[in-house]
Amino acid sequence: MRRLFAGLTAVSVLAVATACGSSGSGGSDGGGGSSGGTTTVKVGLIPIVDVAPLYLGQKKGFFSERGLKLSLSSAQGGAAIVPGVTSGQFQFGFSNMTSLMIAQSNDVPVKAVANGIASTGEQGRDFGAITVKGDSPVKSAKELEGRKVAINTLKNINETAVRASVRKAGGDPDEVDFVELAFDQMPAALDGGRIDAAMAVEPALATIKSQGGREIASPMVDVAPKLTVAMYFTSVKYAQENPDVVKRFQEATAESLAYADAHPDEVREIVTTYTKIPPAVLEKVTLPKWPAEPNRPAIEALAELGREDGLFEQAPDLDALLP
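In what follows, the accompanying structure is described. (Residues numbered from 1 in each chain as written. Predicted model: local features only at pLDDT ≥ 70, side-chain atom pairs only at ≥ 80, totals over all residues. Heavy atoms only, no water.)

### Observations regarding the packing of helix α9 (residues 243-262) against helix α10 (residues 264-271)
Axis separation between α9 and α10 bottoms out at 5 Å; the angle between their running directions is 105 degrees. Between α9 and α10, the angle falls in the class roughly perpendicular. Counting all contacts with α9, which are made through Tyr259, Ala260, Asp261 and Ala262, the residues of α10 involved are Pro264, Glu266 and Val267. For the contact of α9 with α10, the residue count by class is 5 nonpolar, no polar and 2 charged. (Axes fitted to C-alpha atoms, helices over the stretch in contact; angles between N-to-C directions. Helix = DSSP H or I, 4+ residues; strand = E, 2+ residues; numbered from the N terminus. Parallel < 35°, antiparallel > 145°, perpendicular 65-115°, else oblique. Contact = heavy atoms within 4.5 Å. Nonpolar A, V, L, I, M, F, W, Y, C, P; charged D, E, K, R; others polar.)

### A word on the layout of surface pockets
The computed volume of the largest pocket comes to approximately 250 Å³. As for the largest pocket, its lining consists of 14 residues, of which Thr120, Thr286, Leu287, Pro288 and Lys289 are closest to the centre. Looking at the lining of the largest pocket, the elements with two or more residues in it are α9 and α10. Its residues assigned to classes, the lining of the largest pocket shows 5 nonpolar, 3 polar and 6 charged. (1 Å grid on protein atoms, 1.4 Å probe; cavity = no way out; pocket = protein on both sides within 12 Å on 5 of 7 lines; lining within 4 Å. Points joined across faces, edges and corners; volume = space filled by probe spheres on them.)

### Describing the nonpolar core
In this structure, Phe92, Met97, Met101, Leu144, Phe249 and Val271 are the most contacted members of the largest nonpolar core, which totals 103 residues. Top element by residues in this core is α9. It accounts for 7 residues. Sequence-distant contacts of phenylalanine 92, that is, excluding residues within four places in its chain, are made with Val41, Lys42, Val43, Gly44, Val85, Val113, Phe233, Thr234, Tyr238, Val245, Val246 and Phe249. (Core = buried A, V, L, I, M, F, W, Y, C linked by side-chain atoms within 4.5 Å. Buried < 20%, exposed > 50% of the residue type's maximum accessible area, 1.4 Å probe, protein only.)

### Points about the pairing of strand β5 (residues 110-118)
Across the 9 residues that make up β5, a large majority, 9, are buried. Sheet topology note: the β5/strand β11 (residues 228-235) ladder contains 7 bridges and is antiparallel. Each residue of the ladder has a partner; that of isoleucine 117, found in β11, is alanine 230. (Pairing = 2+ DSSP bridges.)

### Here's the deal with the sheet that holds strand β9 (residues 197-201)
Across the sheet, which stays open at both edges, the 5 strands sit in the order β8-β7-β9-β6-β10 with mixed pairing between neighbours. Pairing within the sheet leaves two strands with one partner each, and these edge strands are β8 (177-180) and β10 (214-217). With direction set aside, neighbouring strand axes in the sheet form an average angle of 35 degrees. Both strand β6 (residues 128-132) and β9 contribute to a ladder of 4 bridges, which runs antiparallel. Each bridged residue has a counterpart across the sheet, and for alanine 129 the counterpart in β9 is alanine 200.

### Section: the packing of helix α1 (residues 52-60) against α10
Where α1 contacts α10, the two axes come as close as 9 Å, and the packing angle between them is 95 degrees. In terms of orientation, α1 and α10 fall into the roughly perpendicular class. In this structure, α1 contributes Ala52, Tyr55, Leu56, Lys59 and Lys60 to the contact, and α10 contributes Glu266, Val267, Ile270 and Val271. Here the contact of α1 with α10 is composed, by residue class, of 6 nonpolar, no polar and 3 charged.

This is the structure we're talking about:
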């Protein structure tokens, strides 16, 4: 996974093949075809911890009970998934909120339909953190001024979050030297001294800690309490043409999220079936939260920070974007 938050939240160090192409928009059969009363829907994902609820929900029968069969496709990030959904290659996809808001503000016809993941809301105990080497003189986000800080994608959710932490600590985020670096490259770059700090998410965060690194801030928590980081989405066209399929997907996903949130051990077990994350690392990974509903005030706070950072040419219409 090269760029989790390049269009998707979240939380992997795996490099996977991009699955982006062009196909016609789905029709009333759900876009993936139907057989024997079951509708197959294609979902664009990346193999990360965040999407474990869908794999669990499929295993537990939450989707099949509602006449849905998931065809889960791997993609490198939102750069593949957003156009894949809008072109009809995927009926649903997974993306971080900043990427969805950027798309919506640019008149890309996307519609969030189900919650994805949220921050734990706990400083020092979140699935993402600004990290430094154990012997670094940097003790707070304010001290990142003039230093090289790695984020997986420039001008997206992680940059906004780091800037929020720097501001909160009394620093000037414009003085931070942001560099783009894939999550899987951050542990070695930090350990080798090629960067001064890294905004790492799981499981890269657990890897950095295993190397003696330490956290100095929890940026997602600094953006807003219990921030909604990512959601599942579809195209506006598909939502209009297939409201029943969307409703069933929403219901099954909600049940899957609740189950995952209540069964962390099963989450870690299911993750091993679709990723190559080493079990020893997975045991130390801090899991995100999977609430049933998005946190609208937190999303509004993220949108305002994005506006301040110049990410939007026009303000995103959250009423149109959110379910």
